[in-house]
Structure formats: structure tokens, C-alpha cells
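Now for the letters of each chain:
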Amino acid sequence: PTEHKAMASKMVKEGGLLTEFGYDILPEQFRFPIRNQWVAGLCDALVVVETGIKGGSMDTVEHALKYGKKIFAVPGRLTDHRSAGCNWMIQQGKAQMLGSGKELVAAMGWKWPVGGIGVQGAMNFGNRIDCGGDPSTEDRLLGFWRAEESLCIDELAARSHLDASTVALLLLHLEIKGAIYSLPGKRYSLVRAA
């Protein structure tokens, strides 16, 4: 949204800004589940501060659970419908109760230098990627580019017999590894040796 333009510029300058949508794409509600999947895939841990029983946060939680991420929830008043999801996750054992930032630091095992700030050394997707039970799924996916210049998620999902969300996560992993790159129109191409 326009009101976030300054923050986006600051992120590009000082951190990162990651999106699979072009600048001309509006932040319409049906795109939020795609964003939620990215959030779940990129985080080390998911902290839910407030959510109802249904909604985008719960969608993100389901993805995070699937990816084996740690999930924390801040409890709230029993009569507040915006805290019902957090209270339910804690009750069901889907999330660890979180009462402070210090608890999060301890639970994650983060150690920061005295007077310094924490820096993420690397994004380790390692064994967290759900490849449909087959460790060579990435290689199989890469094989589809042998005869094609570019492919989209739907084409890869049809050829690999994987669901689109699994393919999207695998594509993210392959892009971070530098094996593929994204093109306009949500297409992907293989990085070929020079």
C-alpha cells in the first residue's frame, strides 16, 4: 500500500524486500495466503500476537507447522475474540506460550554480542523443505527445464504431480540456491553456466 512506501524503501536500503508480485499488482485479499506461505517459509520462528480462530494468521501457522517451524503465541483475555486463536493454539499444543521477548530469545537459543544486535548468518532451508517424501525432488524439478526455456508453477505442478504450494516452496529454495531465477509473469528459468 502507498502508506508503506517509505518503509519499503528503507527495507530495500537496510534489509530486504521480497515479493513475487510486480509493482502494478494491488494488495488484494486473495493474494494474502501466498504472502503467508512466504512468511512461514522464511521465518526462524513464528510469533502470533493476536488472531481469531480463523484468518490469515492461522493460515500462516498451518504453513509454519508443515515446515517444522517453532510457533509462539501471546495469550490474551478469554473474552476477546482477537485472542481466541492464540489461546486455542496454546491449549492445543500447536504454539508455545510467549510472555516476553526474553522468553523468545531463550527459546530460540539466540546469543547476541554484548552491546550488539543479532544478525542472521544464513537462511538455512536444509531438511525443512517438504519434497513430497523424495529427497531428489529438486533434481527432478530441475530436469523439467532441459527442454524448456521457462516454466510457471502450474506447469511444474502438473509435470511433477506435486501441489502448487509445494512447488512454490521448492522454487523459492532453488532460487535462493541460485539454480533458477524468476521472470515476469511468474515464470522461472534455469541459471545456465556461461
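Just so it is clear, the model here is predicted, and its values are computed rather than measured.

Asker: Just checking my understanding: could you explain the sheet that holds strand 6 (residues 187–190) for this structure?
Answerer: Within a beta sheet, neighbouring strands are joined by backbone hydrogen bonds and run either parallel or antiparallel to one another. Here we have three strands laid out as an open sheet, ordered 4-6-5, and antiparallel in their pairing. Strands at the two margins of the open sheet, each flanked by one partner only, are strand 4 (151–152) and strand 5 (180–183). This element, helix 8 (residues 164–177), spans strand 5 and strand 6 of the sheet and lies at about 115 degrees to strand 5.

Asker: For this particular structure, what's the right way to read the packing of helix 2 (residues 32–42) against helix 3 (residues 56–66)?
Answerer: Between two packed helices, both the angle of their axes relative to each other and the distance between the axes serve to describe the pair. The contact between helix 2 and helix 3 brings their axes to 8 Å, and the two run at 45 degrees. Between helix 2 and helix 3, the interaxial angle falls into the category oblique. By crossing handedness, the relation of helix 2 to helix 3 is classed as right-handed. Here helix 2 contributes Pro33, Asn36, Gln37, Val39 and Ala40 to the contact with helix 3, which in turn contributes Gly56, Asp59, Thr60, His63 and Ala64. Within the contact of helix 2 with helix 3, the residues separate by chemical class into four nonpolar, five polar and one charged.

Asker: Is there a simple way to think about the nonpolar core in this case?
Answerer: One recurring pattern in soluble globular proteins is that nonpolar side chains are buried together. One finds Leu46, Val48, Val61, Ile71 and Met89 to be the most contacted residues of the largest nonpolar core, which totals 16 residues. Those elements giving two or more residues to this core turn out to be helix 2, strand 1 (45–48), helix 3, strand 2 (70–73), helix 4 (84–92) and helix 8. When residues in this core are grouped by element, the largest group, three residues, is from helix 3. Among residues more than four places away in sequence, those in contact with Val48 are Ser57, Val61, Phe72, Ala73, Val74, Cys86 and Met89. Judged by nonpolar contacts, the second largest core, of 15 residues, contains Leu141, Val167, Leu170 and Leu171.

Asker: Could you clarify how one ought to interpret the pattern of salt bridges in this entry?
Answerer: All chains considered together, the criterion is met by four salt bridges. Note that Asp80 is salt-bridged to Arg77, the shortest N-O span being 3.6 Å. By relative accessible area, Arg77 is classed as exposed at 56%. Here Arg82 ties to Asp80 by a salt bridge, and the two come within 3.4 Å at their closest N and O atoms. On the accessibility criterion, Asp80 (10% relative accessible area) is buried. Residues joined by salt bridges that share partners form a network here, namely Arg77, Asp80 and Arg82.

Asker: It is not clear to me how the pairing of strand 6 should be interpreted in this structure. Could you clarify?
Answerer: Pairing analysis gives two bridges linking strand 4 to strand 6, with the strands arranged antiparallel. For Cys152, the partnering residue across the bridge sits in strand 6 and is Arg187. Taken together, the four bridges between strand 5 and strand 6 define a ladder with antiparallel strand orientation. Residue pairing for strand 6: Ile180 is matched across the bridge by Leu190.

Asker: Would you mind showing me how to read the sheet that holds strand 2 here?
Answerer: Spatially, 1-2-3 is the arrangement adopted by the three strands of the open sheet, whose pairing is parallel. Edge positions in the sheet fall to strand 1 and strand 3 (96–97), since each has one partner strand and no second. Here strand 2 runs beside strand 3; their pairing, made up of two bridges, is parallel. Across the sheet, Phe72 pairs through a bridge with Gln96, a residue of strand 3. Across the face of the sheet, helix 4 comes into contact with strand 1, strand 2 and strand 3 while running at roughly 125 degrees to strand 2.

Asker: I would appreciate a short explanation of the pairing of strand 2 in the present structure.
Answerer: The sheet contact formed by strand 1 and strand 2 spans four bridges and is parallel. For Leu46, the partnering residue across the bridge sits in strand 2 and is Ile71. Between the parallel pair strand 2 and strand 3, the chain is carried across by helix 4, and the sense of this crossover is right-handed.

Asker: So what exactly am I meant to see when it comes to the packing of helix 2 against helix 8 here?
Answerer: Packing of helix 2 against helix 8 brings their axes to within 11 Å, and their N-to-C directions diverge by 50 degrees. Taken together, helix 2 and helix 8 sit at an angle that is classed as oblique. Pair helix 2 / helix 8 crosses with right-handed handedness. Facing Gln37, Trp38 and Leu42 of helix 2, the residues of helix 8 in contact are Ser165, Ala168, Leu169 and Leu172. Tallied by class, the residues present in the contact of helix 2 with helix 8 amount to five nonpolar, two polar and no charged.

Reading guide: rules and limits
- Residues numbered from 1 in each chain as written.
- Predicted model: local features only at pLDDT ≥ 70, side-chain atom pairs only at ≥ 80, totals over all residues.
- Heavy atoms only, no water.
- Pairing = 2+ DSSP bridges.
- Helix = DSSP H or I, 4+ residues; strand = E, 2+ residues; numbered from the N terminus.
- Contact = heavy atoms within 4.5 Å.
- Axes fitted to C-alpha atoms, helices over the stretch in contact; angles between N-to-C directions.
- Parallel < 35°, antiparallel > 145°, perpendicular 65-115°, else oblique.
- Left-handed = near helix turned anticlockwise from the far one by under 90°.
- Nonpolar A, V, L, I, M, F, W, Y, C, P; charged D, E, K, R; others polar.
- Core = buried A, V, L, I, M, F, W, Y, C linked by side-chain atoms within 4.5 Å.
- Buried < 20%, exposed > 50% of the residue type's maximum accessible area, 1.4 Å probe, protein only.
- Salt bridge = Lys/Arg side-chain N within 4 Å of Asp/Glu carboxyl O.
- Right-handed = clockwise from strand over helix to strand, strands pointing away.

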